[in-house]
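# Results of the structural survey
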Amino acid sequence: MDTEMRNKLEQEACFLHIAIPYDKDDELITFDDGLMTELECDEEFVPPMLNAEDQLLEFLIDLKERKVVGWNYEDGYLRLWAKVCDAGTYTLMDAEKNPLCQICGYVPNKLIPPLEKGFGDYIELAIEADGTVNDWPATPDLSEFIEEGQAPKSVKTNKWHRAEKALWRVKDLHLNKEETAWLIEQLQSV
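Described in the following lines is the structure provided in the data block. (Residues numbered from 1 in each chain as written. Predicted model: local features only at pLDDT ≥ 70, side-chain atom pairs only at ≥ 80, totals over all residues. Heavy atoms only, no water.)

## Focus on the pattern of salt bridges
Within this structure, the stated rule accounts for four salt bridges. Among the salt bridges present, the one from Lys67 reaches Asp130, with a minimum N-O distance of 3.6 Å. With Lys67 in strand 5 (residues 67–68) and Asp130 in the loop between strand 9 (122–127) and strand 10 (133–134), this residue pair connects regions lying 63 residues apart in the sequence. Note that Lys83 and Asp121 form a salt bridge whose closest N and O atoms lie 4.0 Å from each other. Taken as a pair, Lys83 in strand 6 (residues 78–83) and Asp121 in the loop between strand 8 (99–105) and strand 9 lie far apart in primary sequence, 38 residues in all. A relative accessible area of 18% places Asp121 in the buried class. Connected through shared salt-bridge partners, Asp32, Arg79 and Glu124 make up one network. (Salt bridge = Lys/Arg side-chain N within 4 Å of Asp/Glu carboxyl O. Helix = DSSP H or I, 4+ residues; strand = E, 2+ residues; numbered from the N terminus. Buried < 20%, exposed > 50% of the residue type's maximum accessible area, 1.4 Å probe, protein only.)

Laid out in structure tokens, this is it:
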């Protein structure tokens, strides 16, 4: 990344938008109430950051305040643990929430907890009742965005990544010709 872009990110980045694919039956994403009681996603518990239409968990974090913007979880503390399997979109935004730079795939764990222990695959956010994210760095490390960031794209491009993952799962089923033909027919009717 050129020096001009580096300076722009360091001076203008105010928010981080996180969008990760979500399926309520996915065991790689869990929520708990701080007492290590796992919360089952059903009618009683719907994750507060759920974008059901796009099947994403989406939230915006104020980098200076270290808070989730618009946090509205009535039960207070919530811990999110996710193994995102290289499928998230992480977008730095300016004060007007215009996208500046984006990383798709690996979690930028120099910024997002667990800091440097997430190996690019894990997110662990402990969010207090007021939206404060515990363990969020006081001084944001934007180095991964500076080194690897790209021009921002629509978050909905994650749908293509999810479709690709689904196709790989189908490939692993070793379907016969009849089953493959049926599957193709079903996909064409969508």
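## Description of the side chain of Asp94
With respect to the secondary-structure elements, Asp94 resides in the loop between strand 7 (88–93) and strand 8. Buried Asp94, no salt bridge; nearest opposite-charge side chain is Lys8, N-O distance 6.5 Å. At 2.9 Å, the side chain of Asp94 forms a polar contact with the backbone nitrogen of Glu96. For Asp94, the contacting residues outside a window of four places in its chain are Glu12, Cys14, Phe15 and Leu100. (Lys, Arg positive; Asp, Glu negative; His and termini not counted. Polar contact = N/O pair within 3.5 Å; in protein donor to acceptor, adjacent residues only side chain to side chain. Contact = heavy atoms within 4.5 Å.)

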